[in-house]
Amino acid sequence: MAWQEDWHCVVDSLGLCKLEGIALKPLGPRHFHRLLTAATGWSGTLADLRAAGERIWNQERLFNIREGLGKKDDYPPQRLMREPVPDGPSRGERLDPADYEGLLLEYYRLRGWGEESGCPLPRTLLRLGLEEPE
């Protein structure tokens with residue numbers, strides 16, 4: 001999930017639409033790196049480009065936290081945990097709240113975010129070259 005989020009930030013910041021038809025579907029990170037290098041002469045690596053996407057994602061997270069969003073907003077609607085799927089291949093299934101909580105905490109650890117707040121930790125901001133929020 002984090003990999004997808006980081007690369008979606010890169011694609012968005014390049015002015016490309018990740019949802020636009022078939023044109024972008026066969027393109028991957030190395031293609032976006034080559035496009036950026038050709039267009040701007042930038043000499044960063046593929047890892048540098050992914051790190052830029054990670055910085056963007058963390059800045060978006062900080063913005064959302066500043067605006068009042070947080071861990072409570074990282075959960076799907078409660079209905080998906082209470083009501084089983086009525087039909088189709090997943091009939092009778094529902095999200096298990098304990099499983100979801102465990103995955104969310106694993107995601108926060110992977111991202112370098114606080115488990116209680118979902119806020120990027122100071123060490124994460126330092127690693128990304130971002131200032132700690134006030």
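Quick notes on the rules
- Residues numbered from 1 in each chain as written.
- Predicted model: local features only at pLDDT ≥ 70, side-chain atom pairs only at ≥ 80, totals over all residues.
- Heavy atoms only, no water.
- Helix = DSSP H or I, 4+ residues; strand = E, 2+ residues; numbered from the N terminus.
- Rg over C-alpha atoms; globule rule 2.2 N^0.38 Å.
- Buried < 20%, exposed > 50% of the residue type's maximum accessible area, 1.4 Å probe, protein only.
- Contact = heavy atoms within 4.5 Å.
- Areas by Shrake-Rupley, 256 points an atom, 1.4 Å probe, with all protein chains shown as cover.
- Lys, Arg positive; Asp, Glu negative; His and termini not counted.
- Charge placed at Lys NZ, Arg CZ, Asp CG, Glu CD.
- Salt bridge = Lys/Arg side-chain N within 4 Å of Asp/Glu carboxyl O.
- Expected span 1.5 Å × (residues − 1).
- Disulfide = S-S within 2.5 Å.
- Phe/Tyr/Trp six-rings, centres within 6.5 Å; stacked < 30°, edge-to-face > 60°.
- pLDDT = per-residue confidence, 0-100.

**Looking at the overall build of the chain**
- Check the secondary structure of the chain and you find 6 helices and 0 strands.
- Listing each helix as α and each strand as β along the chain from the N terminus yields α-α-α-α-α-α.
- The C-alpha atoms of the chain give 18 Å as radius of gyration, which overshoots the globular expectation for 134 residues (14 Å, by more than 25%).
- Projecting the C-alpha coordinates of the chain onto the three principal axes gives extents of approximately 55 × 40 × 25 Å.
- A total of 134 residues make up the chain; the buried ones form 30% of that total.
- Intrachain contacts of the chain at a sequence separation of at least 6 include 50% that bridge at least 24 residues.
- As displayed, the chain offers around 9300 Å² of accessible surface, 57% of which is attributable to carbon and sulfur atoms.
- Each charge sign in the chain was given a centre, from 18 positive and 22 negative side chains, and these centres are 4 Å apart.

**Side note on the pattern of salt bridges**
- In this structure the tally under the stated criterion is 10 salt bridges.
- Between arginine 66 and glutamate 67 there is a salt bridge, and its shortest N-O distance comes to 2.8 Å.
- A salt bridge links glutamate 83 to arginine 79; the nearest nitrogen and oxygen atoms lie 3.0 Å apart.
- Salt bridges linked by common partners bring Glu5, Asp6, Arg50 and Arg111 together as one network.

**Some details on helix 1 (residues 2-13)**
- Helix length check: helix 1, at 12 residues, gives a terminal C-alpha distance of 17 Å against a target of 16 Å (1.5 Å per residue), a fit within 8%.
- Within the span of helix 1, buried status applies to Ala2, Glu5, Asp6, Trp7, Cys9, Val10 and Val11.
- Considering only its buried residues, helix 1 is in contact with helix 2 (29-40), helix 3 (46-66) and helix 5 (97-111).
- Positive phi appears at glycine 15, one or two residues downstream of helix 1, with a value of about 80°.

**Comments concerning the state of the cysteines**
- Taken as a whole and judged by the stated rule, the model has 0 disulfides.
- Considering cysteine sulfurs only, cysteine 9 is the nearest to cysteine 119, which forms no disulfide, with 16 Å between them.

**Description of the packing of aromatic side chains**
- Under the criterion given, the structure shown has 5 aromatic pairs.
- Look at tyrosine 107 and tyrosine 108: their rings are 6.3 Å apart centre to centre, the planes differ by 50°, and that puts the pair in the tilted class.
- On the basis of relative accessibility, which here comes to 16%, the residue tyrosine 107 falls in the buried class.
- An aromatic cluster is built from Tyr107, Tyr108 and Trp113, whose rings are joined through pairwise contacts.

**Let's talk about the confidence of the model for the chain**
- In this model, the chain carries a mean pLDDT of 91, and residues with pLDDT of at least 70 account for 92%.
- Taken element by element, the predicted model of the chain shows its lowest mean pLDDT in helix 1 (91) and its highest in helix 5 (97).

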